[in-house]
Amino acid sequence: MIINDLATAIIYLLVGVSVLLIGMKMMSSGLKKCIGKGIRRFFKKTENNSLVSLGIGTVVTAGIQSSDATNSMVIGFINAGAMSLFQGLCIMLGAYIGTTVTGILASFSSLPISLYFLLFAFVGVVMMFFNKEVVKNIGEILAGLGLLFFGLAVMKASFKQPDIVNGIQQLFGYINHGPLLYLFGILLTALVQSSSAVTSIVIAMVGAASISLGSGLYIVLGAMVGTVVTTLLASIGGSVNGKRAAWIAFSLRLMTTLFMLIFLSVFNEQIASGMHVFAINGSDELPVALFTVFFNIVFMPLCIPLLKPFISLFNKIIKDKEADKLKSCVHYINKNLLKTPAIAEMQVKKEILNMFDLSYRNYINGINKFLINEKDKDDEIVEFETQLDYLNNAITEFLIELSPLVNATDEKRVGAFFHVINDIERIGDHAYNFYETYNEMSGKDLSYSKDALEELKMFNDVILPMFDLARNIFNSKDKTLLNNLHDLETKTDELKTRFSDNHYQRIKAKQCINELSPYYSTLLVELERIADHLNNIGYSIINPVGNDE
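This structure is a prediction, so every number in the text was calculated from the model and none was measured.

1. A look at the overall build of the chain
Consideration 1: A count of helices and strands for the chain gives 22 helices and zero strands.
Consideration 2: With 549 residues in all, the chain has 54% of them scored as buried.
Consideration 3: When contacts within the chain are restricted to residue pairs at least 6 apart in sequence, those whose partners lie at least 24 apart make up 79%.
Consideration 4: Accessible surface for the chain amounts to roughly 24,600 Å². Of this, 61% is attributable to carbon and sulfur atoms.

See the structure below:
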């Protein structure tokens, strides 16, 4: 494509940038739908191992193509007390490695066969018309990838227009100084809020020879700092540890890029010349992308030994507030009680019941989104889920310290408490999943039929008394209620099977659309698993075996 007219070139450039951003968003959205549902649970089950956490951050971000999304989730877990500050920071460092994949993909536009990559958009759009959810999601990924390459192609053509080239060269003539280009990269990325997008734009500019490879390296180096602005924004209003995580990530990113800035300023020509070895067909697009890969692979693991000193430093800089909202949700336990284990055991039981009641309230909030179209409880659902995660952590830590202090008989009961809080926390997760499912359906303008809602109400009518029974059995150890609880749990198994069959009969009779199948099936499974966990809680004192489904 050759563009001679300046006005046309500017229009094409703006459209190219827009298409690039839309393509990246579509690709990220499709990837999140394919793997996103397991990410939240995946994060919560990770070990506090620095290299494992670094790898998790890398893999997850390479999968969802957004370090901002990964880091925002991590900040959320740290806010909830469900993830340690050290572990969260390791995942965030890994995210910076994973996000470089987008730049590698963008650099493929310099390949001789890059024209055929545009066909991904056509194939993806065709796949998006299929009814099967997995096929639609893969189609969205491919369509986004095709649009990404199309946006790059349009941008590169625009950047080759003589007046555009002259304008860019004049602009960079004024700021053709390493530190200024670095600052330009920071500001542009803070504005766009995507280092991947800025890196892709720089790749297009370098590919069109509008700027040199050496200048491009300074800009993408600045982009690596600018992307942390989103993390800082995500920490606003969160816990003290969430704020610490964001500022530590920013400080480490700033420190490592400043070190590289000095090194790049001294050896710019040598580094650019060395990176040019990776050029494809004389184009320096791949070297730009590889520079970000090399930088992050080298510097992010090197930051791990600095995390604990930085955590200590920022613990002093960002002080804890006495009236921390999350701490206020712990009503009955504190470490002073450990001096009298018998009283500590009584109090921890009360705290578990407090946690149980919180999970019940969130179950009601979640299921009512479907049953009565409840829209005013979203903030409460998120807040309660955060409190449940925090309570789970707090009670677990308390039980670990209490276990060695009690006698053999009480030790068995304390051991059962671990299973109970695990079941309660899983009930909370399922309730939160209702909220996420409802929002996803609303975004697609989907809703259940009258018959499906009636079935959900019937399912709910069985589960509600199970909450009362499980609580009473746990609190009073009344074994006579166990048969009633077990009978209701058995009934939920039968309801799940029957209602699933009814749903597919409705689809065959054209009374329901196939798009609702994954949502309805998932919801039935969630309800049945809540019943399983309630059954576990009821049996916990006699048969302390939890279920981590």
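The structure having been displayed, the exposition proceeds.
2. Considerations on the confidence of the model for the chain
Consideration 1: Confidence in the prediction for the chain averages 84 pLDDT; 90% of positions are at 70 or higher.
Consideration 2: Low pLDDT (under 50) marks residues 545-549, which in the prediction has 17 contacts with non-local residues, meaning those over four places away or in another chain.

3. With respect to the environment of Glu345
Consideration 1: With respect to the helices and strands, Glu345 occurs in helix H17 (residues 341-371).
Consideration 2: Put simply, Glu345 and Ser403 are 58 residues apart on the chain and 9.5 Å apart in space, counted from C-alpha to C-alpha.
Consideration 3: In this structure, Glu345 is in contact with Leu402, Val406, Asp410, Arg413, Val414 and Phe417, ignoring residues within four places of it in sequence.

4. Some points on the pattern of salt bridges
Consideration 1: Inspection of the entire model under this criterion finds ten salt bridges.
Consideration 2: The closest approach of N and O atoms between Arg426 and Asp429, which form a salt bridge, is 3.0 Å. Of this pair, Arg426 and Asp429 both sit in helix H19 (residues 408-443), three residues apart, roughly one helical turn.
Consideration 3: The closest approach of N and O atoms between Asp461 and Lys457, which form a salt bridge, is 3.5 Å. Pair noted here: Asp461 and Lys457 are both in helix H20 (residues 450-476), with a separation of four residues, about one helical turn.

5. As for the packing of helix H5 (residues 100-107) against helix H8 (residues 133-159)
Consideration 1: Relative orientation of the contacting elements H5 and H8 amounts to 60°, with a least axis distance of 10 Å. Between H5 and H8, the angle is such that the two are oblique. With respect to the hand of their crossing, H5 and H8 are arranged in right-handed fashion. Touching Thr102, Leu105 and Ala106 of H5 are Leu145, Leu148, Phe149 and Leu152, all from H8.

6. Brief notes about unusual backbone geometry
Consideration 1: A positive phi angle, near 55°, is found at Asn373, a position not held by glycine.
Consideration 2: Note that Asn373 resides in the loop between H17 and helix H18 (378-402).
Consideration 3: Here Asn373 falls in the partly exposed class, since its relative accessible area comes to 41%.
Consideration 4: Even without glycine at this site, Lys477 takes up a positive phi of about 60°.
Consideration 5: Note that Lys477 resides in the loop between H20 and helix H21 (482-508).

7. Focus on empty space enclosed by the protein
Consideration 1: Applying the stated criterion to the full structure yields one cavity of 30 Å³ or more.
Consideration 2: What the largest cavity holds in volume is close to 110 Å³.
Consideration 3: The wall of the largest cavity is formed by 13 residues, among which Thr99, Thr100, Ser195, Thr199 and Thr292 lie closest to the centre.
Consideration 4: Listing elements by their share of the lining of the largest cavity, those giving two or more residues are H5, helix H11 (195-207), helix H12 (213-226) and helix H16 (285-317).
Consideration 5: A breakdown of the residues in the lining of the largest cavity according to their chemical character gives three nonpolar, nine polar and one charged.

8. Observations concerning a nonpolar patch on the surface
Consideration 1: Taken together, the side chains of Ile113, Leu115, Tyr116, Leu119, Phe122, Val123, Val126 and Phe130 present a nonpolar region at the surface, about 840 Å² in accessible area.
Consideration 2: Here the nonpolar patch takes four residues from helix H7 (residues 119-127), the largest share from any one element.
Consideration 3: Secondary-structure assignment places Ile113 in the loop between H5 and helix H6 (114-117).

9. A word on the nonpolar core
Consideration 1: Counting 88 residues, the largest nonpolar core has Leu89, Leu93, Phe159, Leu221 and Phe291 as the members making the most contacts within it.
Consideration 2: Broken down by element, this core gets its largest block of residues, 15 residues, from H16.
Consideration 3: The contact partners of Leu221, leaving out residues within four places of it in the chain, are Tyr182, Thr257, Met260, Leu261, Leu264, Phe291 and Phe295.
Consideration 4: Membership of the second largest hydrophobic core comes to 64 residues, among which are Leu391, Tyr438, Ala470 and Ile473.

10. Section: the packing of H20 against H21
Consideration 1: Interhelical geometry of H20 versus H21 gives an angle of 165° and a closest axis separation of 10 Å. Accordingly, the angle class assigned to the pair H20 and H21 is roughly antiparallel. Considering only the axes of H20 and H21, their crossing is left-handed.
Consideration 2: Classifying every residue of the contact of H20 with H21 by side-chain character gives 15 nonpolar, three polar and seven charged.

11. Considering H17
Consideration 1: Between its terminal C-alpha atoms H17 stretches 44 Å, which fits the 45 Å expected from 31 residues at 1.5 Å a residue.
Consideration 2: Looking at the residues trailing H17, positive phi occurs at Asn373, about 55°.

12. A short note on the packing of aromatic side chains
Consideration 1: For the structure shown, the criterion picks out 17 aromatic pairs.
Consideration 2: Plain terms: the ring middles of Tyr448 and Tyr520 are 5.4 Å apart, the flat faces sit at 70° to each other, and that makes the pair edge-to-face. Pair noted here: Tyr448 is in the loop between H19 and H20 and Tyr520 is in helix H22 (residues 517-539), with a separation of 72 residues, a long-range link.
Consideration 3: On the basis of relative accessible area, Tyr448 is assigned to the buried category, the value being 9%.

13. Quick look at the environment of Lys349
Consideration 1: Take Lys349: it is sitting in helix H17.
Consideration 2: With 65 residues separating them along the chain, Lys349 and Val414 place their C-alpha atoms 9.2 Å apart.
Consideration 3: Beyond its immediate sequence surroundings of up to four residues, Lys349 is in contact with Phe417, Phe474, Asn475 and Lys477.
Consideration 4: At 3.4 Å, the side chain of Lys349 and the backbone oxygen of Phe474 are in polar contact.

14. Examining the side chain of Thr227
Consideration 1: Here Thr227 shows up in the loop between H12 and helix H13 (228-235).
Consideration 2: Classification of Thr227 as buried rests on a relative accessible area of 2%.
Consideration 3: If we skip the residues at most four places from it in the chain, Thr227 touches Ser67, Asp68, Tyr96, Thr189 and Ser195.

15. Some points on the side chain of Asn268
Consideration 1: Among the secondary structure elements, Asn268 is positioned in helix H15 (residues 268-275).
Consideration 2: Apart from the residues within four sequence positions on either side, Asn268 is in contact with Gly214 and Tyr218.

Calculation rules
- Residues numbered from 1 in each chain as written.
- Predicted model: local features only at pLDDT ≥ 70, side-chain atom pairs only at ≥ 80, totals over all residues.
- Heavy atoms only, no water.
- Helix = DSSP H or I, 4+ residues; strand = E, 2+ residues; numbered from the N terminus.
- Buried < 20%, exposed > 50% of the residue type's maximum accessible area, 1.4 Å probe, protein only.
- Contact = heavy atoms within 4.5 Å.
- Areas by Shrake-Rupley, 256 points an atom, 1.4 Å probe, with all protein chains shown as cover.
- pLDDT = per-residue confidence, 0-100.
- Salt bridge = Lys/Arg side-chain N within 4 Å of Asp/Glu carboxyl O.
- Axes fitted to C-alpha atoms, helices over the stretch in contact; angles between N-to-C directions.
- Parallel < 35°, antiparallel > 145°, perpendicular 65-115°, else oblique.
- Left-handed = near helix turned anticlockwise from the far one by under 90°.
- 1 Å grid on protein atoms, 1.4 Å probe; cavity = no way out; pocket = protein on both sides within 12 Å on 5 of 7 lines; lining within 4 Å.
- Points joined across faces, edges and corners; volume = space filled by probe spheres on them.
- Nonpolar A, V, L, I, M, F, W, Y, C, P; charged D, E, K, R; others polar.
- Patch = residues over 30% accessible without salt bridge, like charges linked within 9 Å, V, L, I, M, F, W, Y side chains within 5 Å.
- Core = buried A, V, L, I, M, F, W, Y, C linked by side-chain atoms within 4.5 Å.
- Expected span 1.5 Å × (residues − 1).
- Phe/Tyr/Trp six-rings, centres within 6.5 Å; stacked < 30°, edge-to-face > 60°.
- Polar contact = N/O pair within 3.5 Å; in protein donor to acceptor, adjacent residues only side chain to side chain.

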